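For reference, the chains in residue letters:
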Amino acid sequence: MTRLAARLGLALPLLQAGMGAVAGPELCASVSRAGAGGTLALYKEPPARAARLVREVAAATGRPFGVNVVPEVTGPAACLDQLRTVLPELPRGAFVTSFGLPDADTAGAVRTAGHPLVVQVGTLADAGTALGQGADVLVLQGTEAGGHLLGRLPADLLLAAVRARYPDAVLAVAGGIATGQDLADAVARGADGAMAGTLFVPAAESTAHPEFKRRVIDAVADDTLITSLFDIGWPRRPHRVLRNPLTATTGRAPATFIATTRVDGRAYPVPRYSAAAPGDGTTGRVEEMAMYCGRSCTRVTARHPAAVTVARLSREYERARRSRAASPGPENATSARTSGSHKPDRTQERQPWTT
């Protein structure tokens, strides 16, 4: 058992990312029941609906699960309102993850409620700030990851820097995790576990749009790129997405409405270049929307239920650990890019910081 698993009460040291339009109550509960860290996306949910979603998860699993907040998007005041409504609904053992640094009041509210605080960061400086706020776990996001990016370093380099500066911190890596071998390699490099997002987009319980799921399954690493195009609603934060008709053009088209998303029976228009990902309630020109996807998609090959995916990772992780223990040495640090199920890369990755 790693320190991440021990701190959060997990059977497998793996967190599922709290992705907007993807990580609803069913996915969160399924991952949790399977022994990993299921996480519910609160994103921009109004407090009352957020509390209802938490109650759904709590009724569906008795194992630890988390809720994810995004202070950078909601703003500190709205984030705190979410948490003040949600924290009383969280069962004992539940945790709170923050994408990016929370403010002092938000971090304090989580600590006062007695829940572990998990903070995702992308720089050494932010790692130190988060630990100063009382973070129990740091998730170190590398540029391999899908979604909005918090830094400019690959996960391995960020892990090495943070581990050297904070040797006793509980650290998970995000970016490049799709197999149990990936997870074992991360632990061998000094992590206490990992977070995976792309891996769970195609899951049966995911609320991602069917076309989003299909594209992740079909994609290889170089079908993704880092861009700043999808900035309406989340400006000034580069993001890794699947290539689409908008990323292939040099000019910027009008930001007219191209889709509609329905939530609780209400329709919300989606403009071109919105940061919103397509969910199962989205209709319209879905192919032009942001489909967040990490380079690990090369090794994401099927639409399994989340429990099947977690069970597979558990078997692969234990097998990799046993193999490493039996024959210690550099030859056992097998890269998952050359093991397990994967799709061949078709191209070389283009300039990553593309706009």
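Residues numbered from 1 in each chain as written. Predicted model: local features only at pLDDT ≥ 70, side-chain atom pairs only at ≥ 80, totals over all residues. Heavy atoms only, no water.

Draft legend 1. The arrangement of the pattern of salt bridges in detail. Taken as a whole, this structure holds 20 salt bridges when the rule is applied. The shortest N-O distance in the salt bridge between Arg49 and Glu45 comes to 2.6 Å. Judged on exposure class, the residue Arg49 and its partner Glu45 are both buried. Residues participating in the shared-partner salt-bridge network are Glu45, Arg49, Arg52, Glu56 and Asp264. (Salt bridge = Lys/Arg side-chain N within 4 Å of Asp/Glu carboxyl O. Buried < 20%, exposed > 50% of the residue type's maximum accessible area, 1.4 Å probe, protein only.)

Draft legend 2. The arrangement of the pairing of strand S6 (residues 137–141) in detail. Burial within S6 is extensive, with five of its five residues counted as buried. Of the strand pairs in this sheet, strand S5 (residues 117–121) and S6 are connected by four bridges, and their pairing is parallel. From the neighbouring strand, Val118 faces S6, where its bridge partner is Val137. At this point the chain moves from S5, through helix H7 (residues 124–132), to the parallel S6, and the crossover so formed is right-handed. Across four bridges, the pairing between S6 and strand S8 (residues 171–174) is parallel. Bridging across to S8, Gln141 finds its partner in Ala174. (Helix = DSSP H or I, 4+ residues; strand = E, 2+ residues; numbered from the N terminus. Pairing = 2+ DSSP bridges. Right-handed = clockwise from strand over helix to strand, strands pointing away.)

Draft legend 3. Structural view of the packing of aromatic side chains. According to the stated counting rule, one finds two aromatic pairs in the structure shown. Among the aromatic residues, those joined into a cluster by ring pairs are Tyr43, Phe99 and Trp234. (Phe/Tyr/Trp six-rings, centres within 6.5 Å; stacked < 30°, edge-to-face > 60°.)

Draft legend 4. Here's a closer look at the sheet that holds strand S11 (residues 239–242). Spatially, three strands are ordered S7-S11-S10 in an open sheet, and the strand pairing comes out antiparallel. What marks the edges here is a single partner per strand, and that holds for strand S7 (147–148) and strand S10 (224–227). Alignment of S7 against S11, held across two bridges, turns out to be antiparallel. Paired with His148 across the strands is His239, a residue of S11.

The values reported here are purely geometric and, on their own, carry no functional implication.
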